[in-house]
Structures are given as structure tokens and as C-alpha cells.
Amino acid sequence: MKDFCVVGSGISGCTIANLLSKKYTVEIFDKAKGLGGRASNRRYKNNINFDHGLQYISPEDDKYKNFILKLKKKRVLKKWESNHIDFNFSKNAKNSKYIGSKNNNDICKYLIKNLKVRYLSAVTSIKFQKNCWEVNINKNEKFYFKNLIITCPFPQLKILAKDYLDQNILKLKVKMEPNLTVMAVFKKYKKLPIGSIKFNDHILGFASNENSKKRFRTNLNLWTIQSNHEWAKKKINIYKNNKTKISNEILRRFEELIGIRRKNLTSSSIHGWKYSYNFKKTKFKSYWIKKYNLGMCADWFLGSKAEHAWLSSNDLFNKLKKNPPISRRV
């Protein structure tokens, strides 16, 4: 029986798994077919790909900044050297932007390169019994661990762990916002002096020129186009049955604003992030319930960025250092 089960292989899950693995045995479960969570990558063909969730990292916290610079030195990350246009005129718009050297889930690959990850393994139920956790995967497999860490979005946490959460967590007012992302491939590639655009628009929120990341060479033009969260709220629950219509709405607006013609579109796909981010931080940075050896860490505790995921995981690890859980590895 291993010491820790970590649910989720996003930045939160990979960070806490990495920290715990120095003293404990750890295994990670993720329902997706690859790691990264919202930092996951969608391949088009060969090495041509889209960062369809997390777009970039722009560190503010000093400890996190040192971590990112360490990864840059190791060539896990690199600076996104391009022109970034911000029609919202955000105060941090000119901050340095870092991306994965190959994909934006490179940070997760680095953190768990020596750890066991089970993909396509949805945790369907959990049960605490006799000082250990029974974790049910895909409704037909059972695994046992001495401690459990959950890193999923708040609404999913409340469903999965409803029998074990105390009122401090249950009473949190966390509002997870959705996002719809279209990955579009255009022919007749022309090199554009634009890396990304942050819109002030009723439909679009952000667009990323994947070619500007200089990870691949192609005569195609790839764009990741994200809606704003207000528009996504109207569409997120219906998009799966209306993918073509909703994709066309996003692409039509992109053409109107940027001028890249839809007639040059060769391929597109859409992905919906129902619980993409939480804009307002909670009163906790992470949470540990000693009674059940149950921990929680995720970006939504602190905000909407990858930085918040990393900070939350480090906070949980510090809690566990002060009050060590059971089953410390010798």
C-alpha cells in the first residue's frame, strides 16, 4: 500500500506529488489521457501542437519566480519572445511571459518524471476505512492508500469528497468560471508580428499565435482562440451538441477582429473548460483534514493562475511538514 494517492495531474497535483515523493511513496490518477490538467497540450500532427488551456506563465511571487527561472535555466521553460497586445490595458501586461520549451505541460513533465501516473483513470468514488483510503477507478478497480490528496476543481471536490469535508470547506463561496477554446489551423501562412492578443470583446477573451512560440516549422498558421468567461457561461452546457455552430461563432468574430479569413481554415476543434478558473481567493491557501488524512490543494484556493496552483501545493506540503501524516517512508 502506497502512502499517497494524488487525484489530478495538473500543476497542483504534479507539484504536491513531487514534493511528497522525496519522503513518501506517491501515485497519481488522472481521468485524461495525458498530464497537465489545464496546462495540457493538444497535438495537431507530428510536433505541431496547441496550448489549449494555460497560455503562459508570468510569475509575481518571488519564490515562484525563482522556481520558474530555475526551469528556464534547465531549458524546461523559455521566454515567449513576441509582441503581446492587451486591449484591456492590464497593469501587468508587460511582464515577462514564459512557456514550455515544447508544450505548456513541460512543467508537469519535469515535476513527475520519476513518478507513477495512471491516465484514463477517473476517480469515481472514495471511501475512508480502517485508517486507509479505498479509491475506486472507472467504477471497476479499487486501490488502497494511507493518505489522499485531491486537486480537482471545487464543484468536483464537493461531489467526490462530500462525506468527509468539514464546514470550513463546504461554506466556501467559490465561483468557477468556464472557458471555450477553439484550436484553428489556417492555410496560406504569413508570418505575423503578434504572439497573443487579449481582447476587450463580448465574445473573445484571448488568442494565441502558436507559430510565434517557435516550437515547430510549418506552412500552416495555428491559432488558439479562447472565449471570455461571460460568453462561455451561456454556451458551456450546450456546446457538446452544438460544436460546429459555436466554433463558427468564435471563428467569425475572430475574422471580424483580426482579419484572418475563415475560407482559409483547414481544420478546427473546440474544447470546453467548465471549471476553468476562480477569480477570487478564499481564506485558505490549501486544506488538510487530519481526521481522514485528506488534503486539498488547487489554484482556486488563491486565484486563477498556474502560480496559484503551485503556491497552494507548497502551502499544503508545509502543513504536512509541521504535522507529518502517517506512513513516512524509511
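Residues numbered from 1 in each chain as written. Predicted model: local features only at pLDDT ≥ 70, side-chain atom pairs only at ≥ 80, totals over all residues. Heavy atoms only, no water.

Draft legend 1. Structural view of the overall build of the protein chain. When its secondary structure is counted, the protein chain shows eight helices and 18 strands. Over its C-alpha atoms the protein chain spans a radius of gyration of 20 Å, differing by no more than 12% from the 20 Å that the globule rule assigns to 330 residues. The burial tally for the protein chain puts 55% of its 330 residues in the buried class. Counting contacts in the protein chain only where the partners sit at least 6 residues apart, residues at least 24 apart contribute 70% of the total. Of the roughly 16,800 Å² of accessible surface on the protein chain, a fraction of 48% belongs to carbon and sulfur atoms. If you average the places of the 69 positive and of the 24 negative side-chain charges in the protein chain, the two averages end up 3 Å apart. (Helix = DSSP H or I, 4+ residues; strand = E, 2+ residues; numbered from the N terminus. Rg over C-alpha atoms; globule rule 2.2 N^0.38 Å. Buried < 20%, exposed > 50% of the residue type's maximum accessible area, 1.4 Å probe, protein only. Contact = heavy atoms within 4.5 Å. Areas by Shrake-Rupley, 256 points an atom, 1.4 Å probe, with all protein chains shown as cover. Lys, Arg positive; Asp, Glu negative; His and termini not counted. Charge placed at Lys NZ, Arg CZ, Asp CG, Glu CD.)

Draft legend 2. Quick peek at the packing of helix H1 (residues 11-20) against helix H8 (residues 306-322). Two elements in contact, H1 and H8, have axes whose closest approach is 8 Å; the angle formed by their N-to-C orientations is 30°. When the axes of H1 and H8 are compared, the crossing they make is right-handed. In contact with Ile11, Ser12, Thr15, Ile16, Leu19 and Leu20 of H1, H8 contributes Ala306, Ala309, Trp310, Ser313, Asn314, Leu316, Phe317 and Leu320. (Axes fitted to C-alpha atoms, helices over the stretch in contact; angles between N-to-C directions. Left-handed = near helix turned anticlockwise from the far one by under 90°.)

Draft legend 3. View of the environment of phenylalanine 284. Here phenylalanine 284 shows up in the loop between strand E16 (265-278) and strand E17 (287-289). With relative accessibility at 18%, the residue phenylalanine 284 sits in the buried group. Each C-alpha atom of the pair phenylalanine 284 and serine 58 lies 23 Å from the other, and the pair is 226 residues apart in sequence. For phenylalanine 284, the contacting residues outside a window of four places in its chain are Asn168, Leu172, Phe301 and Leu302.

Draft legend 4. The arrangement of the layout of surface pockets in detail. A volume near 1,000 Å³ is recorded for the second largest pocket. What lines the second largest pocket is a set of 39 residues, among which Tyr56, Lys198, Phe206, Ser304 and Lys305 lie closest to the centre. Elements supplying a minimum of two residues to the lining of the second largest pocket: strand E6 (84-86), strand E13 (196-198), strand E14 (204-209), strand E15 (221-227), E16 and H8. Along the lines of polarity and charge, the residues of the lining of the second largest pocket split into 14 nonpolar, 17 polar and eight charged. (1 Å grid on protein atoms, 1.4 Å probe; cavity = no way out; pocket = protein on both sides within 12 Å on 5 of 7 lines; lining within 4 Å. Points joined across faces, edges and corners; volume = space filled by probe spheres on them. Nonpolar A, V, L, I, M, F, W, Y, C, P; charged D, E, K, R; others polar.)

Draft legend 5. How the structure looks around the pattern of salt bridges. In this structure the tally under the stated criterion is 16 salt bridges. Where glutamate 27 meets arginine 118, a salt bridge forms, and the shortest distance between an N and an O atom there is 2.3 Å. Here arginine 118 lies in strand E8 (residues 116-118) and glutamate 27 lies in strand E2 (residues 26-29), a separation of 91 residues in the sequence. Relative accessible area serves as the criterion here: at 5%, glutamate 27 is assigned to the buried category. Residue classification places arginine 118 among the partly exposed residues on the basis of a relative accessible area of 28%. When the shortest N-O distance is used, the salt bridge between aspartate 201 and arginine 253 registers 2.7 Å. On the criterion of sequence distance, the pair formed by aspartate 201 in the loop between E13 and E14 and arginine 253 in helix H7 (residues 243-258) is long-range, its members being 52 residues apart. As far as the burial class goes, aspartate 201 and arginine 253 line up, both buried. (Salt bridge = Lys/Arg side-chain N within 4 Å of Asp/Glu carboxyl O.)

Draft legend 6. View of the sheet that holds E15. In space, the six strands of this open sheet follow the order E6-E13-E14-E15-E12-E16, with mixed pairing throughout. With partners counted over all chains shown, the strands left at the sheet margins are E6 and E16, one partner each. The average undirected angle you get between the axes of adjacent strands in this sheet is 15°. Taken together, the six bridges between strand E12 (residues 176-186) and E15 define a ladder with antiparallel strand orientation. Across the sheet, threonine 181 pairs through a bridge with glutamine 226, a residue of E15. (Pairing = 2+ DSSP bridges.)

Draft legend 7. Summary view of the nonpolar core. Ile11, Leu20, Ile107 and Ile149 are the most contacted members of the largest nonpolar core, which has 37 residues in total. Aside from chain neighbours lying at most four places away, what touches isoleucine 107 is Ile11, Ile57, Phe67, Ile68, Leu71 and Val76. Grouped together as the second largest cluster of nonpolar side chains are 34 residues, Leu165, Met176, Ala298 and Phe301 included. (Core = buried A, V, L, I, M, F, W, Y, C linked by side-chain atoms within 4.5 Å.)

Any link to function would need more than the numbers given here.
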